[in-house]
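Structure at a glance
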Amino acid sequence: MQIQDWPSAKTTPALYRELKQLDLLENLAELEAFGFTVIPPEKVGPPALHRQVREAATRVACERKGCATKELQDVYADGQELLRFCLWDDQVFEKLVLTPAALGLIQWMVGTDCILSLCNVWVKGRGPSRTSVHADWAQFEMPTMAVEVFGANFNYLVTDYSKADGGLAFVPGSHRWRRLPSVEESEYWLDNAHPVEAPAGSMIIWGDHTWHCSYPKDTDGLRMMVLGMYNRPHMQTQEAYRQTATNEALARNPLRFARLMNVYHGMPWGKSGVHAERMTEAPQGYLSLFDTEPAGDKVSVPADLDYHTYDRERGRMMQAAMSETTLRFPDHYKSKPAQRKAPANADADAANQEVNDSAAAR
Ligand SMILES: O=C(O)CCC(=O)C(=O)O
Ligand SMILES: [Fe+2]
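From a predicted model like this one, the values you see are computed outputs, not experimental measurements.

The helix and strand inventory of the chain stands at 14 helices and nine strands. A compact globule built from 362 residues should have a C-alpha radius of gyration of about 21 Å, and the chain, at 22 Å, falls within 12% of that. Classification of the 362 residues of the chain by burial places 39% in the buried group. Contacts spanning at least 24 positions in sequence make up 83% of the contacts within the chain whose residues lie at least 6 apart.

A separate point is the environment of Pro 283. Its location among the elements puts Pro 283 in the loop between helix 12 (276–281) and helix 13 (312–324). Along the primary structure Pro 283 and Leu 116 are separated by 167 residues, whereas in three dimensions their C-alpha atoms are 16 Å apart. Not counting the four nearest positions on each side in its chain, Pro 283 is found in contact with Leu 255, Ala 258, Arg 259 and Val 299.

A separate point is the sheet that holds strand 4 (residues 151–157). Taken in spatial order, the six strands line up as 1-7-4-9-3-2 in an open sheet, and their pairing is antiparallel. Both edges of this open sheet fall to strand 1 (36–39) and strand 2 (80–83), since each of them pairs with a single strand only. The sheet shows a mean angle of 20° between the axes of neighbouring strands, taken without regard to direction. Here nine bridges tie strand 3 (residues 115–124) to strand 9 (residues 223–231), and the two strands are oriented antiparallel to one another. In the sheet register, Val 121 faces strand 9, and the bridge partner there is Val 226.

Turning our attention to the site of ligand 1. In the vicinity of ligand 1, the residues found are Trp 122, Thr 131, Asp 136, Asn 153, Asn 155, Leu 168, His 212, Ser 214 and Leu 227. Counted by class, the shell around ligand 1 contains three nonpolar, five polar and one charged residues.

Let's shift gears to the nonpolar core. Among the nonpolar cores identified, the biggest contains 80 residues, and Ala 102, Ile 106, Tyr 156, Ile 204, Ile 205 and Met 261 are the most heavily contacted of them. Considering each element in turn, this core owes the most residues, eight residues, to helix 7 (residues 100–110). When residues no more than four places from it in sequence are discounted, the contact partners of Ile 106 are Cys 114, Ala 152, Phe 154, Ile 205 and Tyr 230.

If you walk across this open sheet you meet the three strands as 6-5-8, and the pairing is antiparallel. Each end of this open sheet is capped by a strand with a single partner; those strands are strand 6 (194–195) and strand 8 (212–214).

Further remarks concern helix 4 (residues 47–65). Between the first and last C-alpha of helix 4 there are 27 Å, a value that for 19 residues agrees with the 27 Å anticipated at 1.5 Å per step. Three or more residues of helix 4 are buried, namely Val 53, Ala 56, Ala 57 and Ala 61. The buried residues of helix 4 occupy one face: seen down the axis, they fall within an arc of 130°. Away from its buried face, by an angle of more than 90 degrees, helix 4 presents the exposed residues Pro 47, Ala 48, Arg 51 and Glu 63. The secondary structure elements touched by the buried residues of helix 4 are helix 5 (72–75), strand 2, helix 6 (91–96), strand 3, strand 4 and strand 9. Following helix 4 by one or two positions, Gly 66 has its phi on the positive side, about 65°.

A word on the pairing of strand 7 (residues 203–207). Of all five residues that make up strand 7, five are buried, and the element is covered over most of its length. Of the two faces of strand 7, both are covered, the one formed by Met 203, Ile 205 and Gly 207 as well as the one formed by Ile 204 and Trp 206. Sheet topology note: the strand 1/strand 7 ladder contains four bridges and is antiparallel. Note that in strand 7 the partner of Thr 37 across the bridge is Ile 205.

Definitions and cut-offs
- Residues numbered from 1 in each chain as written.
- Chains lettered and ligands numbered in written order.
- Predicted model: local features only at pLDDT ≥ 70, side-chain atom pairs only at ≥ 80, totals over all residues.
- Helix = DSSP H or I, 4+ residues; strand = E, 2+ residues; numbered from the N terminus.
- Rg over C-alpha atoms; globule rule 2.2 N^0.38 Å.
- Buried ≥ 20, exposed ≤ 12 C-beta atoms within 10 Å, placed from the backbone.
- Contact = placed C-beta atoms within 7 Å.
- Pairing = 2+ DSSP bridges.
- Axes fitted to C-alpha atoms, helices over the stretch in contact; angles between N-to-C directions.
- Near = placed C-beta within 6 Å.
- Nonpolar A, V, L, I, M, F, W, Y, C, P; charged D, E, K, R; others polar.
- Core = buried A, V, L, I, M, F, W, Y, C linked by C-beta atoms within 7 Å.
- Expected span 1.5 Å × (residues − 1).
- Arc of directions from axis to C-beta.

Below is the structure:
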């Protein structure tokens, strides 16, 4: 079948073509069928990248624990730790969260405008420590899951994974159940979950519906991985990337990175409403997984907003747009924006857009 840019399918044709180019369609089928998949090291990146990630993850762990590399094993003897907020600790993590194969499959699940929620280093030593059966679905007030996943993960394996190595394990097919496990189910699956066997440098990918856990580590040495979690852009991220991204970080990375940092999102707003102008400055449309060109000054972090002041000029535009045109909602199904009465001028157009965006945001 010829995959065309069908407007009704939005960014899916572009993403699909790139996943095909990356030879990941079988991984896509595995994700759909079983709720998880493993990308082999050669599709993740070259050996130099693997070396850099291993060195960075080890350095971060040693710095945080105040120990030498050779002491790390004693620090984590019979224990594990999730080291938080690691993105800015080494620039190789910025590269890792943009890994085309992983980001492509993750975008399949949480959209081509998904944002970064977590970047962690996970260290685990020999012993009984393990993670119990859970799904990463974090809307605990909604134990029944939405049809679409809201979050998706990669685990980049810094060390080899097997059952004996205390690796990750899945309940294949559980993504279709769309609910969190009960205590009894967690107990059953803890020793019946399917362990992933994969070499260091692989990436395991899954969505937040799939039940998973890990096995105790029965072998010497450390189990290490880097975890990336991505959310849909309307969500509160777990780590403060939007709040800490700098213009330098945005400039040295491709445009997709700015979108991962969610620095152009229109919410939250104050008395003057959504910042429509800034939203129109945001990178638009599908951003290729293969884009590596530094964004330079094409993107920037937002200036501090004055939430408490009502901007009369913006208010005038908003009033004009709401009064002179029919207030319509965006058209979700065609390429063209919803039909509306032609606004008198560009200002009114921006204000009209703002009305639409505010309506959509609700
Ligand atoms: O490796 C583990 O112990 C669990 C990892 C996990 O639950 C996750 O990355 O979401
Ligand atoms: Fe998890």
